[in-house]
Structure formats: C-alpha cells, structure tokens
Amino acid sequence: MSGRTAATDGARFVVGIDLGTTNCAMAFAVLGAGEAARVEDFAIPQLVGPGEVAERGLLPSCLYLPAGPELPDESIRLPWGNPRREVIGELARWQGTRVPGRLVASAKSWLCHPAVDRTAAILPWGAAADVSKLSPVEASARLLGHLGAGWEAAHPEAPLGRQDVVLTVPASFDEAARALTVAAARQAGLERLTLVEEPQAAFGHFAGRHRGRMAGILEGVRLVLVVDVGGGTTDFTLVQVAWPVGEGEPGLRRVAVGDHLMLGGDNMDAALGRHVEARLTAGGRALSAGQWGQLVQASRAAKEALLGEGAAGSQRVAVAGEGSRLVGGTLATEVRRDEVEGLLLDGFFPHCRPGEGLAPGPRMGLREVGLPYAREAGITRHLAAFLAAHAGDGWRALGEPAAGAGRADGTLPRPDAILLNGGVFRSARMAARLVEVVSSWWPEAPPIRLLEHDSLDAAVARGAVRHGLARRGWGPRIGGGTAHAFFVGLGTGGEGPPEALCVIPRGQEEGTVVDLGERVFQLTLGRPVRFPLFTSTSEGAEAAGTVVPVGEALRSLPPIHTLIESRQGRTGRVPVHLQAGLTEIGTLELWCVAEEGGERWRLEFEVRSGAAPEEGTAIESVPVRLAEAREEIDRVFGAGGKGRGRGDGGAAAVPAKALWGALERRLGPRAEWRLPALRELWGALHAGAGRRRRSADHERTYWQLLGYALRPGFGYPLDEWRCEQSARLFAEGVQAGGEKAVWIEWWVMWRRLAAGLSTERQLEIWAGLKPHLAYRLSARVRKQVARPKGPQPEGLHEMVRLAAALEQLPAEEKAECGGWVAAHLDEPAGAGGPWAWVLGRLGARMPVRGSVHRVVPPEIAVEWILRLIDGRERPVEGALFAAVQLARRTGDRARDVDDGIRARVLALLEANQAPPSWRRLVAEVAELERADAARALGDTLPLGLEA
C-alpha cells in the first residue's frame, strides 16, 4: 500500500482514541516522520479537584451534572471554558461517588443496549426527574468533545477534526452500535475518522513495539489469542502468524473474533458491590438505588486501588446515609485485597473444562446497573465456547500449527501465545489465572506463553495510531478484513426454514464493494421496504451470494429499511439487486440497484429503536382463498359496494355487520388466521378507509377488523409503516359519535396497535384522551375545570385501557393517570372495572414494547401494589397479574421494587395458587410466556407471532 503524504490531505498527525467504558486514552504520531514515526501518549487536561486542572494519561469516562449551586463556576472552569457547566474526567468520577444520581458512566455500554432508544436522554440511569439527562450518543460525543478541546489547547494550529483520527470500538460491537459511535464522533466534529477493533489495536501496538524483532519475539508462534476485558465488554480474537519462506518479518492476519459479550469491569464492580452491600446491611433492607450507585462507584475505586501495582492490603468503602441520617448514617467497611481477588477470580475466571458449556450460574449482580449483561459471569467459560465455535475455521490456512499445538478432545484450536489487554489484568493473579485455565485444556502440552505488554491502559490508543500509520503504508498491518459476515433475510414462501443471503463474507476488506447481481428482488416504489439483517462471526458463508439457513449461528441486528422513491418518476414494482460495501471506517452500506437505468437507493439501519431487534420473520404462504376474502372486504368498503344489495356488479354483497362471518367462511375461524393473512386483510381495509362512514355498522365493523388485522402492531415486515398509515385516521375521529358501540371499537382498535405506534403518535392520542380521562376519573379535576368541549366519547373502560397501552408516554404522565385509576379500586364497583389491569400495565417494570427508560419509579409501583393487595380479604379482579407486572424482577435496581414488597407479592401468589410462570417472573429475571404476554397486552396474539 502506498503511503499518502501529509501535504496531500492537510493532516499533520495520526491520533488514536480509545473511547473506553471506564477510561479514555489518546496517543499520536507526527505524519512527517514516515517510517520512523514515534507514537506518543497525549496527556489529557481535566479537572482533578474543584478549581484544579491537571494533565493525566487517562480520562475517566464519567460526566457529572452538578446541581445549580453545588459547584461554583470558578471551581469547574476549564482552560477552554465550560459553558455547559458539566464536569468530565477525574473530578466527575470523584464527585459521583459522593453525590448519587448525577453521574453518567458506562455510556459506551448503553450504545449497544437494544431495549432503549439510544438517542433518547436516559442517562444518568435511574436519576431523579429534576436531573437533566443525556443520551448515550450525546454522552459519548461530549467525552470526545473534551478530548478534542484538550488536544486543540495543546495544538491550536492542528484542529483534531482535520487530523487522521482512529477511534477504537469493541470487536463485538454490532453494526448499530458502530453507527452510533460514528454519529457521536461526527457530533464532536471528527470528520476524518477510521474505526479499528480494540483487540486488533492492542495487538497492533505489540507488533509495532517489536517491529524488526518479531521473528525473535514470536518464534514458534502460529496462533495468538487476544483477550481484551474492558469496562463493559469482553472480546476474544485469534491472530494468525504467517511465517515467510526464508528470512523476514511474519505476516499477521486476524482470523476470528467472538460474538458480542457485554461482560467486563462494570460487572466486577457490581459483583463486589453486592458482596460489600451484604456486609453493610447485615441482612437488613437493601440499599436504595441512589446508595447503590454510590456503592458501585466506590467498589470500582476499591477494585482499581487494590488490584494495581503496589496496592495496599485493604481499602475503605463507604456509602452516605439518606434523609435525616445523611450526616450520621454513613455505612462503611474495609475490604481486603485477597478478598477482592478471590471473589473476582472465582466468579469471573473460574476453573472449567473446555466442553462444559455456558450453563448460567448465579448472576453475580450483573444487571444491577440497568444494562443487559451476559447471564454467565465466567469469562473463561465464554472463552472455551469461543474456541470451540471456531474449531473448524480456516485459521490454519496461513501455515501449519506449531509443534504440540493440538486440540483438546479434537475440538479447540490451541493458541501458542496469549496477549492480554484491559485494566482487569493489572492484577497479576487474574492474568495468571486466565493463562492457567486455558493451559489446563491441553494438559499434555507446556503452559501457553504469555506475551508481555508495556501498558494495559495505553495499548489500545497507541495501537490505533499504529493502525492509522499502517493505512498510509508505514508499518505492519494486521490483515483479515471484517470480523463479521453480514446476511440479509430471505423469504421462503412457507417452504422450509427461513434463509439468509450473505452480502459481506468474513475477511472482506474495508473500502470494497460487492455486487450481488445474480439474485433479483421485486421492489415496490413509494412504500417502505424492510430487510431482516443478521451477522455472524462463525464460518458459514465462504463468499458473498451464499445462501444459508437462519440458525443459532446468525444473530439478529436491527433491520434495515427505507422508503423507496424514484427520482426518475418510476412507480410500481421494480426489479433490483443488492450491492454491499464496507466503508473506509469499517461500517456496512447496503444499496438497492435497479436492473434497468442503474438508479440506486441506500438502505438505512434502524438505530433508534426502543425495543430489541425482532428475529427474522419468515415470509409464509397466504391462504388459498385470501383473494376471495379481500373481495368480501371490497364489497363492503370498496368504491362500488355499499354492504347491501348488489354493489359489485354482480356478486351478492353481505351487510357490513355480517362481514366477519363472510370472512370466516373464506378463511376459517378467525383465531386461526395467521400474520400474513391478517396483514393482507389490513391492506384491503386501508384501501377502503374512506368508505367506513357509510353507516354506523360500517364504522363499527371497520374499527373491529382494522385493529384485529394489525394487532399487536408489530411482528411482521412493514408493520411500522402500517401503523403509521393507520395513525393518520386518529385526527379524523369518529363519525357515528352517537353510537356507543362505535366508540368502544374505536378505542379497542387503538389499544390493539398501540405497541406499534411511534412515540409521537402515542403522544397525539394521549393529548386527545387526557382531558376526558382526567375529568371523568378525578374528582379533584372535576372541581377545578369544566367538562372538555366537543364530542363526548363513550366507553370509559376502553379509554383507560388504551391509556395504559401507550407505553412510550413519559413516566410522569403514566404516574398521573395511574393516580386517577388507583382511586377507583376502593369503589364498590371497582372489582368490575379494568382498574387493576390498567395499573399493572401503567406501572409494569418491563414494558411489552416500550423503552425501559419510561417506566414509572419503583416507589410509585410499590404504592400501587399496596393499593391492590392491602386490607382486602381477597384481591380485586385482575390484581394478581397486575401485582406480578408491578413487582416483576428485571435485575435493574433503578426499576425493581424492594425485596420486602416482592416477598409479599410472592406470598400472595402462593396463597392464591397463581400459575408458576407468574411466580417465576417475580422471583427471578425471566421472559413472559405466550399466554402471559397476551394477558399483558390485553389481547390474543396472532398465530405466527412469538411471545
């Protein structure tokens, strides 16, 4: 590769940035030095105390958001100013251990959390309502912005945005997390950007440091295992060492990386926190969410102090009291170094056999900070699974393994050497334990060699600089291309299992484009298209264009979708093929290319989703008589038919109220209609929306069918688009406003598809509902305001159920609505209403479809639980399942109710012989079964939709 010169592109430096979960680091090299470029660390200016700025080698990845008078302006002033009044770095971490609820930490881990909207302001997680919050993207951008401001203070003539910046990401980051990382970098003004995986950067630093001596350093080594345990993720990478014929430096090729594993230093902090909490509380009440936040930060500080070089034998851990005991109620204890090492060694680096698998053990407090961490805490067990998964890979292709590099039980590829990275391995005992466990899988061979490093803290940033230099042709480059293969889901017409098309195979190099012209798709212009997307780090597709079954080896990514409109004025269905490429920054691009004319449309990732990505949905065959069913709908809602007489030019039309029966004669019992048929019926209904006003029967039947066909608003390709099209009808309201039955079906329809509506549409519906619910449910409101003007809707119970289904409402709106509803539990007729179900849905600890950052606070959930169960001989109707939703264990202390309340709910469930699945939801972190998911939604689930 020929090197570019600084003169041709204006850059003077290559800058490497390790945007870490726990700490950030920077390094750089002067481009003019060429082959002789020396990599240097950049000392990062930051606040280290009130009014004290100093340069440090690391920037803690912490943002502290002070209350107004808490820290005076002069105490947090930076050399370049501080208009946002935020604190970043060492002082932020120090202050965050003392004042709970205002510290943003581990933002990087939130970038790959699929159950929240990662662009929404949700951090600090679990903070009080009066604390201004940041999105994970914004928090990452501010960390990068601080690094940029510090750089430009030292190099005003060379703005960071004009330099070659290489930003590191975990090897296991999926495409959505990478795209969000790039978005944060762009927001911070970093336009000239390249991504490199952290383990590859760490090994690149090792190779660069020993350049010219690699033949001696790696003598006899054919396969190197890189283990990178960061603050939020653990990455495994295999690097092949290819020895040339004759003399010369060996070639390096990355041949495998592990799947996404959210497990690292944060989990160790939480595990240590749980250990210390048991001692602090001595079996009493658990710490509050605020105190827990303090304890996690204090545990992190203790871990780093006790595992570092020259550490003391013990460390004090303290948590401030709350309320009136704030001053005198401090809880404190001492933890010993050997105690911490023993806990973390046995919990995270256990002895294990190579084939024992990943059976989950104790959670070790892994979800205590609100993130979906790996259930299995044993890093060594995950490592064994990684090696087993890649036993059949082509890692031998560049040379035969070294002597003695056999396989345990014929399965695992034995590495000849291990390179460790991450602050966890400052502990010599942890490093030794990992090598000891891995070596034990080959008892006949000598211990695996541990490669030396010179800095666990700076290796990734330095290696990023090496990568940037290698891209210009200066220094060794680790080959291997992308570590992930990418696949697009294909329909199978109901014949056989779902399949996926490989669009980018493993090993594809950045900056290359693959044209998949051999497979043609039919694309409908003017409507959104959706492509299920999968990724894999295992073998399974040797080349682009390979079709493979969708199985466990493929992991779902957020779907790619776009709205196709032709600039050439074309309409209808257009034959297209796919074109895929890896950009220079290592992110995936997909295009639809018209077979005629060459028009191209880019397919966009969905990265804002507040729910986990759906599994790929097979495109099933539709019923044989579906066309006849569509004709029945057209006879009622079509342009010619009016639901009576002979409105279709010859075929006898049924009355609108008899349409259900006509459809069942064509398709069979409605409970057996599957998703493809339901969504086809929705299409026919949507086309006839304007004819729903022909009579009250027409309107009532229309809302019934539309809601039934689109329920629950998700689960099938293009449901998001269908819900948006349907949502446009809300502003038109009800035509037959004097008919209660029409009102009821109107509200039921919106409840049925609420889970698929956008936040904006849910807020629109709430704006229409709220004034009426407030007036009818709250005696206080009735005394203060007049009855809302305009049509008075009927169907109060269904209106309340709809309000509960709007999961994207802000928590304060849910709490207000729940307050109105809870008052009706004590009415004589309360047992007959939907009040208990509504409270359970409004206060659910785990939303069915909404983002978890919008749940009501635990103290409100506890208040509602007590309203449901206290002082009653037997619970009101629906109270048991409502209590389950309110007390459900999520593993996130910011959402979970306290153990005492949970124990009371469990006792109530036992006494009333509740289903075992309900008890399991309260006792442990578990998924909803299908019947329970339907109960939570308040509706049946269509066939073809998994719970």
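Structure first, text after, so check above.
Because the structure is predicted, anything quoted here is derived from the model rather than measured. (Residues numbered from 1 in each chain as written. Predicted model: local features only at pLDDT ≥ 70, side-chain atom pairs only at ≥ 80, totals over all residues. Heavy atoms only, no water.)

Q: Is there a simple way to think about the overall build of the chain in this case?
A: When its secondary structure is counted, the chain shows 29 helices and 27 strands. Burial analysis of the chain (947 residues in total) assigns 58% to the buried set. By sequence separation, contacts in the chain at least 24 residues apart represent 70% of the contacts at least 6 residues apart. On the chain, roughly 37,100 Å² of surface is accessible, and the fraction owed to carbon and sulfur atoms is 50%. (Helix = DSSP H or I, 4+ residues; strand = E, 2+ residues; numbered from the N terminus. Buried < 20%, exposed > 50% of the residue type's maximum accessible area, 1.4 Å probe, protein only. Contact = heavy atoms within 4.5 Å. Areas by Shrake-Rupley, 256 points an atom, 1.4 Å probe, with all protein chains shown as cover.)

Q: Is there a simple way to think about the packing of helix H19 (residues 740-753) against helix H22 (residues 796-805) in this case?
A: Angle between the axes and distance between the axes: these two values describe a pair of packed helices. In contact at an axis separation of 9 Å, H19 and H22 are set at 15° when each is read in the N-to-C sense. Between H19 and H22, the interaxial angle falls into the category roughly parallel. Between H19 and H22 lies a crossing of left-handed hand. When H19 is examined against H22, the residues Ile744, Trp747, Val748, Trp750 and Arg751 are found in contact with a partner set consisting of Glu798, Met799, Arg801, Leu802 and Ala805. A class-by-class count of the residues in the contact of H19 with H22 yields seven nonpolar, no polar and three charged. (Axes fitted to C-alpha atoms, helices over the stretch in contact; angles between N-to-C directions. Parallel < 35°, antiparallel > 145°, perpendicular 65-115°, else oblique. Left-handed = near helix turned anticlockwise from the far one by under 90°. Nonpolar A, V, L, I, M, F, W, Y, C, P; charged D, E, K, R; others polar.)

Q: Looking at this structure, I do not really get the sheet that holds strand S13 (residues 234-242). What am I missing?
A: The strands that make up a sheet are held in pairs by hydrogen bonds between backbone atoms, and each pair lies either parallel or antiparallel. The strand order across the open sheet built from five strands is S14-S13-S12-S17-S18, with neighbouring strands paired in mixed fashion. Two strands lie at the open edges of the sheet, namely strand S14 (251-257) and strand S18 (449-450), each paired on one side alone. Taken together, the five bridges between strand S12 (residues 223-229) and strand S17 (residues 417-421) define a ladder with parallel strand orientation. Its bridge partner being in S17, Val224 is matched across the sheet by Ala417. Most of the contacts of helix H12 (residues 428-440) go to S17, to which it runs at about 150°, and overall it touches S12, S17 and S18. (Pairing = 2+ DSSP bridges.)

Q: Help me out: how do you make sense of helix H4 (residues 136-154) in this one?
A: For H4, built from 19 residues, the straight-helix expectation of 27 Å at 1.5 Å per residue is met to within 8% by its first-to-last C-alpha distance of 28 Å. For H4, the tally of buried residues reaches 15 of 19 residues, placing the bulk of the element in the interior. (Expected span 1.5 Å × (residues − 1).)

Q: Help me understand the packing of aromatic side chains, please; the structure alone is not making it clear to me.
A: Aromatic ring pairs are reported here in terms of the distance separating the ring centres and the angle at which the planes meet. Counted under the stated rule, the structure contains 22 aromatic pairs. Geometrically, the ring pair formed by Phe42 and Trp151 is tilted, given 5.4 Å between the ring centres and 55° between the ring planes. Of this pair, Phe42 sits in the loop between strand S3 (40-41) and strand S4 (44-49) while Trp151 sits in helix H4, and the two are 109 residues apart along the sequence. Trp151 matches Phe42 in its accessibility class, with the two residues each being buried. Each ring, one from Phe730 and one from Trp746, has its centre 5.7 Å from the other, and the planes form 20°; the classification is stacked. Taken together, the positions of Phe730 in the loop between helix H18 (719-727) and H19 and Trp746 in helix H19 put the pair 16 residues apart, joining distant regions of the chain. Each member of the pair, Phe730 as well as Trp746, carries the same accessibility label: buried. Each member of the aromatic cluster is reached from another via a ring pair, and the members are Phe637, Tyr702, Trp703, Phe730, Trp743, Trp746, Trp747 and Trp750. Directly above the aromatic system of Phe881 lies the positively charged group of Arg935, at a separation of 5.6 Å from the ring centroid. (Phe/Tyr/Trp six-rings, centres within 6.5 Å; stacked < 30°, edge-to-face > 60°. Lys NZ or Arg CZ within 6 Å of the ring centre and 35° of its normal.)

Q: Looking at this model, I keep getting lost on the packing of helix H10 (residues 337-348) against H12. Mind explaining?
A: In contact at an axis separation of 10 Å, H10 and H12 are set at 25° when each is read in the N-to-C sense. Of the possible angle classes, the one that applies to H10 and H12 is roughly parallel. As for the relative orientation of H10 and H12, their crossing is right-handed in sense. Contacts between H10 and H12 pair Glu341, Leu344, Leu345 and Asp346 from the former with Arg429, Met430 and Arg433 from the latter.

Q: Which parts of the structure should I look at to understand the pattern of salt bridges?
A: Opposite charge on two side chains allows them to pair when their charged atoms are near. Taken as a whole, this structure holds 56 salt bridges when the rule is applied. We note a salt bridge from Glu138 to Arg142, for which the minimum N-O separation is 2.6 Å. Of this pair, Glu138 and Arg142 both sit in helix H4, four residues apart, which is roughly one turn of the helix. Across this residue pair, the class does not change: Glu138 and Arg142 are buried. The partner of Glu816 in a salt bridge is Lys770, and the shortest N-O contact between them spans 3.2 Å. Taken as a pair, Glu816 in helix H23 (residues 811-822) and Lys770 in helix H20 (residues 759-777) lie far apart in primary sequence, 46 residues in all. Residue Glu816 is classed as partly exposed on the basis of its relative accessible area, which comes to 34%. By relative accessible area, which is 24% here, Lys770 ends up partly exposed. Through salt bridges that share partners, Arg625, Glu628, Glu631, Glu632, Arg635 and Arg666 make up one connected network. (Salt bridge = Lys/Arg side-chain N within 4 Å of Asp/Glu carboxyl O.)

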